[in-house]
Amino acid sequence: DTEVTQTPKHLVMGMTNKKSLKCEQHMGHRAMYWYKQKAKKPPELMFVYSYEKLSINESVPSRFSPECPNSSLLNLHLHALQPEDSALYLCASRRGRTDRYNEQFFGPGTRLTVL
Amino acid sequence: KNEVEQSPQNLTAQEGEFITINCSYSVGISALHWLQQHPGGGIVSLFMLSSGKKKHGRLIATINIQEKHSSLHITASHPRDSAVYICAVSPRLGQKLVFGQGTRLTINP
């Protein structure tokens, strides 16, 4: 299994809703990432988990709450989002810490629309 | 100035043409990545390289570490190659990728 899966593929939510995005990989990777991508822009890093611990938070608003329950699973909990949070949310994973394992594997993304 | 610069930003070509996309970077890196993203889709990693040249099918990626420059070539281009191609670098000892702005490639039949 050499892929990163993300669910759901599409999500429409209101500003008062609570929802979650899910990302899963079974490659034994120990680093997992959340990115946000707006149209015609490169991905912007949001969070990095390394060995199930949050190692990077790129000053993301608290309405986005990441969670890494185990080494294969990464969640992004969403609450009280704004319309400008509508974007493609990408998950990625990487094998480990050292330079040799720098390749990131990306999931297909969840397209989020906030009404 | 961005740490990773790609050129051109947009490229339109006819089917069968040889395509070159360039990437220059200004930081020390451990690896450079070429990524592909089809419209509305997720990202696929095409190459990760730290020296020399790699080939996969009709795609070739080269890197010159001294000049801090990489190129992605597509031979015998096809309309299904139409996508955004993103160059990204892994700075030394870092966990983050630094992305270029992407090159939007359109191949017309």
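In what follows, the structure referred to is the one given above.
Thresholds applied
Residues numbered from 1 in each chain as written. Chains lettered and ligands numbered in written order. Predicted model: local features only at pLDDT ≥ 70, side-chain atom pairs only at ≥ 80, totals over all residues. Heavy atoms only, no water. Pairing = 2+ DSSP bridges. Helix = DSSP H or I, 4+ residues; strand = E, 2+ residues; numbered from the N terminus. Axes fitted to C-alpha atoms, helices over the stretch in contact; angles between N-to-C directions. Phe/Tyr/Trp six-rings, centres within 6.5 Å; stacked < 30°, edge-to-face > 60°. Buried < 20%, exposed > 50% of the residue type's maximum accessible area, 1.4 Å probe, protein only.

Caption draft 1: Seen up close, the sheet that holds strand 3 (residues 19-25) of chain B. All names here are of chain B. An order of 1-3-8-7-6 is seen for the 5 strands of this open sheet, with the pairing classed as antiparallel. Here the strands that pair on one side only, and so sit at the sheet edges, are strand 1 (4-7) and strand 6 (52-56). Between one strand axis and the next, the sheet turns through 15 degrees on average, direction left out of account. Inspection of the sheet shows strand 1 paired to strand 3 by 4 bridges, in the antiparallel sense.

Caption draft 2: Broad picture of the packing of aromatic side chains. Within the structure shown, the criterion is met by 4 aromatic pairs over all chains. Geometrically, the ring pair formed by Tyr35(A) and Phe106(A) is tilted, given 5.6 Å between the ring centres and 40 degrees between the ring planes. On the criterion of sequence distance, the pair formed by Tyr35(A) in strand 4 (residues 31-37) and Phe106(A) in strand 10 (residues 104-106) is long-range, its members being 71 residues apart. Residue Tyr35(A) shares its accessibility class with Phe106(A), and that shared class is buried. Between Tyr35(A) and Phe99(B) the ring centres are 5.6 Å apart and the planes differ by 85 degrees, which places this aromatic pair in the edge-to-face class. Here the residue Tyr35(A) occupies a position in strand 4, and Phe99(B) occupies one in strand 10 (residues 98-99), the pair thus bridging two chains. One exposure class covers both Tyr35(A) and Phe99(B), and it is buried. In textbook terms, an aromatic cluster arises when at least three aromatic residues are bridged by ring pairs, as seen for Tyr33(A), Tyr35(A), Phe106(A) and Phe99(B).

Structural measurements only, silent on function.
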